[in-house]
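Given next are the chains, with one letter for each unit.
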Amino acid sequence: MAVMTYLEAIRETLRQELRRDDRMIIYGEDVGVRGGVFRVTEGLQAEFGEDRVIDSPLAEAAIVGTAIGAAINGLRPVPEIEFADFIFPAINQIVQEAARIRYRSNGDFGVPLVIRAPFGGGVHGALYHSQSVEALFAHVPGLKVVIPGTPYDAKGLLASAIQDEDPVLYFEHKAAYRSLKGEVPDERYLIPIGKADVKRQGNDLSIITYGLMVSYAQRAAETLEKEGISVEILDLRSIRPLDGEAILETAKKTGKVLIVHEDNLTGGIGGEVSALIAEHALFYLDAPIVRLAGPDVPAMPYSPPLEHAFMVTPDKIAEASRNLAKF
Amino acid sequence: MAVMTYLEAIRETLRQELRRDDRMIIYGEDVGVRGGVFRVTEGLQAEFGEDRVIDSPLAEAAIVGTAIGAAINGLRPVPEIEFADFIFPAINQIVQEAARIRYRSNGDFGVPLVIRAPFGGGVHGALYHSQSVEALFAHVPGLKVVIPGTPYDAKGLLASAIQDEDPVLYFEHKAAYRSLKGEVPDERYLIPIGKADVKRQGNDLSIITYGLMVSYAQRAAETLEKEGISVEILDLRSIRPLDGEAILETAKKTGKVLIVHEDNLTGGIGGEVSALIAEHALFYLDAPIVRLAGPDVPAMPYSPPLEHAFMVTPDKIAEASRNLAKF
Amino acid sequence: MTPEFQKDIYYHMALARAVDDRMWILNRQGRAPVVYSSNGHEAAQVGSAFALNRGEDWIVPYYRDLALVLAYGMTPREVMLHLLGKAEDPNSGGRQMPAHWGLHRLHIMTTGSVVATQDIHAAGLALASKVLKDGRVSVAYFGEGSTSQGEFHEALNFASVHKLPVIFFCENNGYAISVPARKQMAVMDVAARASGYGMPGVIVDGNDPLKVYEVTKLARERALAGDGPTLIEAKTYRFVPHSSDDDDRVYRSREEVAEWKKRDPLVTFEKYLLDNQILSSEELTAMQQKIKDAVNDATDYAEKAALPDPSTLGLYVYHQ
Amino acid sequence: MTPEFQKDIYYHMALARAVDDRMWILNRQGRAPVVYSSNGHEAAQVGSAFALNRGEDWIVPYYRDLALVLAYGMTPREVMLHLLGKAEDPNSGGRQMPAHWGLHRLHIMTTGSVVATQDIHAAGLALASKVLKDGRVSVAYFGEGSTSQGEFHEALNFASVHKLPVIFFCENNGYAISVPARKQMAVMDVAARASGYGMPGVIVDGNDPLKVYEVTKLARERALAGDGPTLIEAKTYRFVPHSSDDDDRVYRSREEVAEWKKRDPLVTFEKYLLDNQILSSEELTAMQQKIKDAVNDATDYAEKAALPDPSTLGLYVYHQ
Ligand SMILES: Cc1ncc(C[n+]2csc(CCOP(=O)(O)OP(=O)(O)O)c2C)c(N)n1
Ligand SMILES: Cc1ncc(C[n+]2csc(CCOP(=O)(O)OP(=O)(O)O)c2C)c(N)n1
Ligand SMILES: [Mg+2]
Ligand SMILES: [Mg+2]
């Protein structure tokens, strides 16, 4: 058991899985010699060779599309998209092909494939290096969308994603890479995809969230504890499948729900979570269901005052929680 | 004033707008000589020439991307995507470029552009000629998403879209093209984008919907009227912007809300509508907010029993309404 | 090339034409909502299939490729089950529109409707073959219209950089639905693009199955030798509308169609086989009877087969 | 070509280098979080800009194009305001990362980060020019790495089919971040792709501004004559890392960089101008002083300028 950053947990899992299964390959832009622009794949090409850790041409549709073919012909591809913002040229391959292949072939074909991509903001990345793109994929049957919130989860969820028989999008928050640290067991372990995790028990209200916002919610909860407000935090871990049971359970328990994400408010996954509660736990509620999310502008601007104005912060979470607790 | 089909209303509006404004051009696959695979643009190339109604290469990113450039350099492009299912190769241009250009340039540039595309199922189109793709775009700030439910609305909303200074996606339901008929004034008129329309007044419950489902809801409401259930129907007309005020008003009025769309349930726009109500009108509700939508499978299969099992029908709407009314 | 081999090619071309003709009849009778046809493309498709290790090499077809999949081993029954959307349809269990092929058993990759995505899949199948050294070649089939898509370009570039064992096989019939090739590209030949990727671009008479066989065989050998991909352009023509929903009279003259009909690959190949005594007229008659029986059997079988149960709608969204 | 014209080219190359040097200093001092550089590309960018009707023809740059936009008329103040994310930044009001150019006043198309999308925009701007007969040419600038994207292909094909007045200008510096050109494509030259679209592909020494000027001028005339697009490939090198976040020592040798440095376009062009008495050493000194002043002025101005007000976050999502 070692203390690792979120980034190291991902790198060590990739290494462990590459060692475990010869059929696994990694590729993408700059992942080989350069070890990735964030250094997530550093050292892997040296260990596993150019055939298994491949610098690919600058073409996301080709990266994902060849991974589909390779998966069907026996490999376990784990391609990287350099930034989640650049996944758009590959959406056709992801949504129209990877997601639908099992269904359209009536189960005759399957696509075991993990697409890793750094996402999220707060790192001066501006409009095109800060985006949260998860809601687009969470709407698509056939895909799974995993977003870890801690180094421990990063490892167990990535191993599960790689072992999964279906296409999984695995989004890594850039601001979490080096800022989040935690204990990570050396041995391989699996965290089931589709099960949410109560990261903190509480009674007054529930925060339902995922990704970097889990740690932000925890910071807010610590502040609020001192003020006598007891917060429960549910980490969704995957936003498709959503763990409806866990969502309803925490909503019923506290009767007050704050949904938090960095992705833009309108059409974000928060709406889906809210709708599940409003359909299946309405009469347990003591207050309106509140969403705190990135505002409805096209990703976050570069200049610090604007970036800060966009970001969901521990302070903003605490403030929204306070208001809800008071209700 | 003439009785027209939904398809004719669109064609006549395109004709009227082409006559009105020399800067408007139409292009896409098969829109010229062939008049479009659904014949929506029939006769337009003959009237306006090959410079203004253009058969383009088979490349959706190029169709939308050149339209962006052309819009910025002074034209008013109204490209067609042959089927909404084939919009995916153009998503990069729509989401990353068209939607963000005004914002990223701090208002220095704008993209007046209307993208038309037939969508929806029930016409033996199977997985790739039946999709509802609107939720993907409704999540994106900078875009507008318009979906008419009647021939009258088709005309007024299309004229507004063409006059709009921002990128608008205008989705036309394939099954509505020839099945929906109605009175359409000859003269030009504008229906504001972002205002929902109460298509039917009622007291017992509200159906909130859009597109083909408006007429299906109307059929259900007629059945229910005979059973003594009074249904209000709110036609959203555009799903981005959403008319929050109208949504809350009808929810508060009847206290029971059924949201209906053909698009897949999870992550569909119904979640957003439900969340708005759950946040801003919770205590007016007499029943859980119910959603009736396409099931979470990748678009609808070809074979009639499967297609039928997927489709939201007037019967299914009536059934869901009955249950809600009873609550 | 043995006489048996040539007769087998002819048999599959004729079988495809007969199945296709039957599909149109079923369509006109209202028993099949939509038909996509290989009518006119048989030489290109069957000739290339016969150059492959059928059932082992991967083919990644498109909706035009009825003759191809028949030559690859799909049975007329399987085709008809697919046409009629029956539960037993091995391509999709009735889920996809007709002509959306896919059969793992025969290494026919599953395909959707979005043109050119399959070009990249073929490169990906070949990437795995390169890593796993499984000795397979992959072949993507596509129309000339689809080469305007970005994914066509990405596939060729990726395959060539990595010297993958893959063949890109273009069936150039001069039209993308109504759009003629001159509005699709500013060059005469799709093959002209190959040099920009550092691969050979080969133009072949797509109405001559033996010529198509030869160039495909060479491309396959090249792929297996580790020399990378080849772009083959088979010049051909479709004799019927794009699909049963199309009306081709709007965009091409009857004279043009008639002109190409003179070079109907089925007629010319049949004549060649008879003239050269590779095939006797008795053999031909027997073959025609066999085909007729197969088509009838397939139609009857498929018409009697059950439609999918609506309760299966939710199956196979994920692995189960 | 007049001496004044040549001196003006040199001035803008030297200005770009000086602005660029300053940006790196600000970065190292922690005053500018990120820098994208045109260092090494000045001849290609300035030479091509001077062949255009500057401010009237459309240019569609990418993040590498500092020298280009300066040559096109953007002021050093405007560049520095952009670098530091200030409210007055005319490119984006501080919204975009540095080097994301766009200025309607000068017909510099706004650009995002997604490579190759701009190639299609240039074709679209040119489509409007063709319809409106406005006499403008559009030029897309891009790196060789980005030519692997499908949208590059779609742009060239569309532009060529419609014979649009557009130029595709590739700045080939041999790397896409860490990925060398040989892993990007299986041909030596991007220009090899042009023939596949039926357009000329021109290779030019990207470190020689006058040669770049000549080929761009010809391409522009061709475009205006209605003969369609040209693909120009300027061979060049970047002397610095991809951005201030990059470390190029991992993927290219110091010897390779030193070898290219011998052909630094700024040094060689300066020598040419002095050797040929086009520029006197007094003029050079005066010019250098002018540049120094301009860079100091721009830095001071931009550093004092206000940051955007957070309340403006929601502006310009839609027309207002
Ligand atoms: C991305 C995409 N856009 C549009 C379509 C609609 N469409 C189906 S076939 C076709 C024409 C294809 O022509 P070509 O590639 O030449 O093949 P052919 O049918 O002539 O064999 C079009 C436009 C599609 N299937 N996919
Ligand atoms: C679609 C997309 N994918 C990935 C990136 C990340 N990225 C930024 S620049 C770059 C390399 C571009 O190389 P090249 O086109 O040769 O231009 P250069 O920087 O060498 O001038 C990459 C991969 C991006 N901006 N867009
Ligand atoms: Mg064709
Ligand atoms: Mg480069």
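Before reading further, recall that the structure is shown in the block above.
So, a few notes on the structure that sits alongside this text. Values in this document were obtained by computation on a predicted structure and should not be read as measured data.

It is worth spelling out the relation of the copies chain B and chain A at this point. Rotating chain B by 180° and translating it 0.0 Å along the rotation axis places it on chain A, where the RMSD comes to 0.0 Å. Considering both components of the superposition, the chain copies are consistent with a two-fold axis. Among all residues of chain B, the minimum C-alpha distance to the rotation axis is found for B:Gly271, at 2.4 Å. Interface overlap between copies: 100% of the residues of chain B at the interface are likewise at the interface in chain A, consistent with a symmetric, same-surface contact.

Looking at ligand 2, there are 21 residues lining it, with A:Glu60, D:Tyr62, D:Tyr63, D:Arg64 and D:Tyr175 nearest. Proximal residues around ligand 2 fall on chains A and D, making this an inter-chain site. Within the side chain of A:Glu60, one N or O atom sits 2.6 Å away from a nitrogen atom of ligand 2. A distance of 2.9 Å is found between an oxygen atom of ligand 2 and a backbone nitrogen or oxygen belonging to D:Gly145. Surface burial for ligand 2 is 97%, taken as the share of its 590 Å² of free accessible area covered by protein chains.

As a further point, take the packing of helix α3 (residues 60–72) of chain A against helix α6 (residues 150–161) of chain C. Contact geometry of α3(A) with α6(C) gives a least axis separation of 9 Å together with a crossing angle of 70°. When the axis of α3(A) is compared with that of α6(C), the two are roughly perpendicular. Contacts from A:Glu60, A:Ala61, A:Ala62 and A:Thr66 in α3(A) reach C:Glu151, C:Glu154 and C:Phe158 in α6(C). Its residues assigned to classes, the contact of α3(A) with α6(C) shows three nonpolar, one polar and three charged.

Right, let's talk about the site of ligand 1 for a bit. Ligand 1 sits among 21 residues. The nearest are B:Glu60, C:Tyr62, C:Tyr63, C:Arg64 and C:Tyr175. At the site occupied by ligand 1, the surrounding residues belong to chains B and C. At a separation of 3.5 Å, an oxygen atom of ligand 1 approaches a polar backbone atom of C:Gly143. Here ligand 1 loses 97% of its free accessible area of 590 Å² to cover by the protein chains. A class-by-class count of the residues in the shell around ligand 1 yields nine nonpolar, seven polar and five charged.

Mapping chain D onto chain C leaves a residual RMSD of 0.0 Å; the transformation is a rotation of 180° accompanied by 0.0 Å of translation along its axis. A shared interface surface links the copies, since 100% of the contact residues of chain D are contact residues in chain C too.

Residues and elements named next belong to chain C. At the metal site, the magnesium ion (ligand 3) is ligated by Glu 144 (OE), Asn 173 (OD1) and Tyr 175 (O), and these contacts range over 2.1 to 2.2 Å. Ordering the donors of the magnesium ion (ligand 3) by residue number gives the pattern E-x28-N-x1-Y. Here Glu 144 is found in the loop between β2 (138–143) and α6, whereas its partner Asn 173 is found in the loop between β3 (166–172) and β4 (175–176), with 29 residues between them in sequence. Asn 173 gets classed as buried once you look at its relative accessible area, which sits at 4%.

Conventions adopted
Every chain's residues receive numbers from 1 upward, in the order its sequence appears when written. Chains carry letters and ligands carry numbers; both start at the beginning, A for chains and 1 for ligands, and go up in the order they are written. Owing to the predicted nature of the model, reporting of local features is limited to residues with pLDDT of at least 70; listing and counting of side-chain atom pairs is limited to 80 or more, with chain, interface and lining totals taken over all residues. Note that the side-chain values use all heavy atoms of the structure and ignore hydrogens as well as water. Here the copies are matched by least squares. The fit uses the C-alpha atoms of residues with pLDDT of at least 70 in both. The contact criterion used is simple: two residues touch if any of their non-hydrogen atoms lie within 4.5 Å. Proximity is defined per residue: any heavy atom of the residue falling within 4 Å of a molecule or strand makes that residue near it. Whenever two N or O atoms come within 3.5 Å, that pair is a polar contact, provided that in protein one can donate a hydrogen and the other can accept it, and provided that, for residues adjacent in sequence, both atoms are side-chain atoms. Working definition of accessibility: Shrake-Rupley area with a 1.4 Å probe, residue cover restricted to the visible protein chains. With axes taken as lines fitted to C-alpha atoms, and helix axes fitted only over the stretch in contact, angles between N-to-C directions fall between 0 and 180 degrees. Counting from the N terminus, the helices are DSSP H or I runs at least four residues long and the strands are E runs at least two residues long. Oblique is the label for any angle not covered by the other classes, which are roughly parallel (under 35 degrees), roughly antiparallel (over 145) and roughly perpendicular (65 to 115). Ten residue types, Ala, Val, Leu, Ile, Met, Phe, Trp, Tyr, Cys and Pro, are classed as nonpolar, four, Asp, Glu, Lys and Arg, as charged, and the remainder, Gly among them, as polar. Water is not among the atoms examined, so metal sites may look incomplete; donors are the N, O and S atoms within 2.8 Å of the metal, or within 3.2 Å for Na, K and Ca. Only protein chains enter the accessibility calculation, which uses a 1.4 Å probe; a residue is then buried when its area is under 20% of its type maximum, exposed when over 50%, and partly exposed in between.

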